[in-house]
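A structural walkthrough
Below are the chains, spelled out letter by letter.
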Amino acid sequence: MAGAVRSISTIVPRRCLALNRGRGAQRFPRPFVLMAASRLPAAASPSASSTVEETSQIQQDIEFDEKTDPREDKLACPICYYPLMKKSDESVPRLQCNVCKKEYRNNGTYLDLTVSASSGEYTESMPAATELFRSPLVSFLYERGWRQNFIWGGFPGPEKEFEMAKEYLQPAIGGTIVDASCGSGLFSRLFVKSGMFSQVIALDFSENMLRQCSEFVENENLPKENLALVRADISRLPFPSGSIDAIHAGAALHCWPSPASAVAEISRVLRPGGVFVATTFIVDVVPPAVPALRLTRQYFAQFTSNTIYVSETELEDLCSACGLVGFTCARNGFFVMISVTKPS
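Below: a short report on this structure.

Conventions used here
Throughout this description, residue numbers start from 1 for each chain and increase along the sequence as written. Only residues with pLDDT of 70 or above have their local features reported here, since the model is predicted, and side-chain atom pairs are shown and tallied only from 80 upward, although totals for entire chains, interfaces and linings are computed over all residues. No hydrogens and no water enter the side-chain calculation; it runs on all heavy atoms of the structure. Put simply, a salt bridge is a Lys or Arg side-chain nitrogen that is within 4 Å of an Asp or Glu carboxyl oxygen. The rule for pairing is simple: two strands pair if DSSP sees at least two bridges between them. Numbering goes from the N terminus for both helices and strands, where a helix is a DSSP run of H or I of at least four residues and a strand is a run of E of at least two. Helix axes use the C-alpha atoms of the stretch in contact, all axes being lines fitted to C-alpha atoms, and the angles between their N-to-C directions lie in the range 0 to 180 degrees. Only the six-membered ring of Trp is used, alongside the rings of Phe and Tyr, when aromatic pairs are assigned; centres must lie within 6.5 Å, and planes under 30 degrees apart are stacked while those over 60 apart are edge-to-face, with the rest tilted. To sort residues, take the accessible area from a 1.4 Å probe on protein chains only and compare it with the maximum for the residue type: under 20% means buried, over 50% means exposed, and anything in between is partly exposed. What the arc describes is the spread of directions from the helix axis to the C-beta atoms. The contact criterion used throughout is that any non-hydrogen atoms of two residues lie within 4.5 Å.

**Some remarks on the pattern of salt bridges**
Side chains that differ in sign of charge can pair as their charged atoms come close. If you walk through the whole model with that rule in mind, you get 16 salt bridges. Residues joined in a network through salt bridges with shared partners are D112, E131, R134, E207 and R231.

Written out as structure tokens, the structure is:
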């Protein structure tokens, strides 16, 4: 593998993605308005006035509290996708969905927005790769040697990858970015330091990765006003549809249990014109192995819970199937960075 690695200078974009550098963050009406509208009568009737009063009450029930933390105003219930309301009258900070009535609590480190959050007896087994990254040891080692090994696969290193991603993320400057499968927050912290975004959401399924992220944030004395740590399932993102400006996923796409479900969720939550940038491994740098890998990767995925990507075309097809357009990528050995957008 090391022999296939080229120098960083060989990383060149395969296609050019036109960037609208002057475009600012776009605001969207809160989803509760859509719910209220769906309950309005089709035509005036003797009961129309009472229906309007009920609709007004629905709006008041679902509308955000004016004191809601700005880091939380993009969050939604992972069950019904309606915005979460902060219960400011409670001694223990919590968020509640006014539709399904489920409550979500912040444990002081991160906010748990998984579907099974706060469940007692119920447990659910996860793929082996997911459980691996939930372990305290791997979470501790991720930035202390694990991630550095990716250089043998052509990954240029976090700082260079961050600079590359910034070019693709230009249309989303000033908006909200989600660092999906953030791990120990390697890129989340770089996004905070850059000041490019008004809100950074570090999202991961691993509790221990989020704890490591919190420790690094403390050690680096980073501002927390625009940073939120959220535990969530990549296939069930806790955001309203069309509410996020950009999503970044560093070295994560191959680890997702169902890449198609995850990318479909990303497409759902991105606003029109929103950007998705991701890095992963791709194996077409070893042409003789590609046919064999096509035949065996199903079994590889079953035993390892990882996905083998064999071509740029395959990645483009995945994104296109989920409604994302403008595919472009940059390559270096087994490393690939892709970028796509949500159609306007």
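**Some points on the sheet that holds strand 4 (residues 103-105)**
Sheet architecture is open: three strands sit in the order 2-3-4, paired in antiparallel fashion. At either margin of the open sheet sits one strand with a lone partner, and together these are strand 2 (84-86) and strand 4. Each adjacent strand pair in this sheet contributes to an overall mean axis angle of 30 degrees, direction not counted. Relative to strand 4, strand 3 (residues 94-97) is paired through three bridges, and the arrangement is antiparallel. Paired with R94 across the two strands is R105, which belongs to strand 4.

**Points about the packing of aromatic side chains**
Counted by the stated rule, this structure contains eight aromatic pairs. Considering the side-chain rings of F133 and Y142, the 6.5 Å spacing of their centres and the 75 degrees angle between planes classify their relative orientation as edge-to-face. You can call Y142 buried: its relative accessible area is 8%. A centroid spacing of 5.6 Å and a plane angle of 70 degrees characterise the contact between F150 and F281, whose relative ring orientation is edge-to-face. Of the two residues, F150 sits in the loop between helix 4 (136-146) and helix 5 (158-168) while F281 sits in strand 10 (residues 270-281), which places them 131 residues apart along the sequence. The buried category is assigned to F150, whose relative accessible area is 13%.

**Here's the deal with helix 10 (residues 312-321)**
In an α-helix, one turn spans 3.6 residues, which is why side chains three or four residues apart end up on the same side. Burial in helix 10 covers these residues: E312, L315, L318 and C319. The buried residues of helix 10 occupy an angular sector of 125 degrees when the element is viewed end-on, so they sit on one face. Facing away from the buried side of helix 10 by over 90 degrees, the exposed positions are T313, D317 and A321. Residues of helix 10 that are buried in the fold lie against helix 8 (259-269), strand 10, strand 11 (325-332) and strand 12 (335-341). Phi turns positive, to about 85 degrees, at G323, one or two residues after helix 10.

**What about the pairing of strand 3?**
Burial of the side chains of strand 3 extends over both faces: R94 and Q96 are buried on one face and L95 and C97 on the other. Here three bridges tie strand 2 to strand 3, and the two strands are oriented antiparallel to one another. In the strand pairing of strand 3, K86 is matched with L95. Count of turn residues in the strand 3/strand 4 antiparallel hairpin: five residues, of which K101 carries a positive phi of about 70 degrees.

By themselves these figures say nothing about function.
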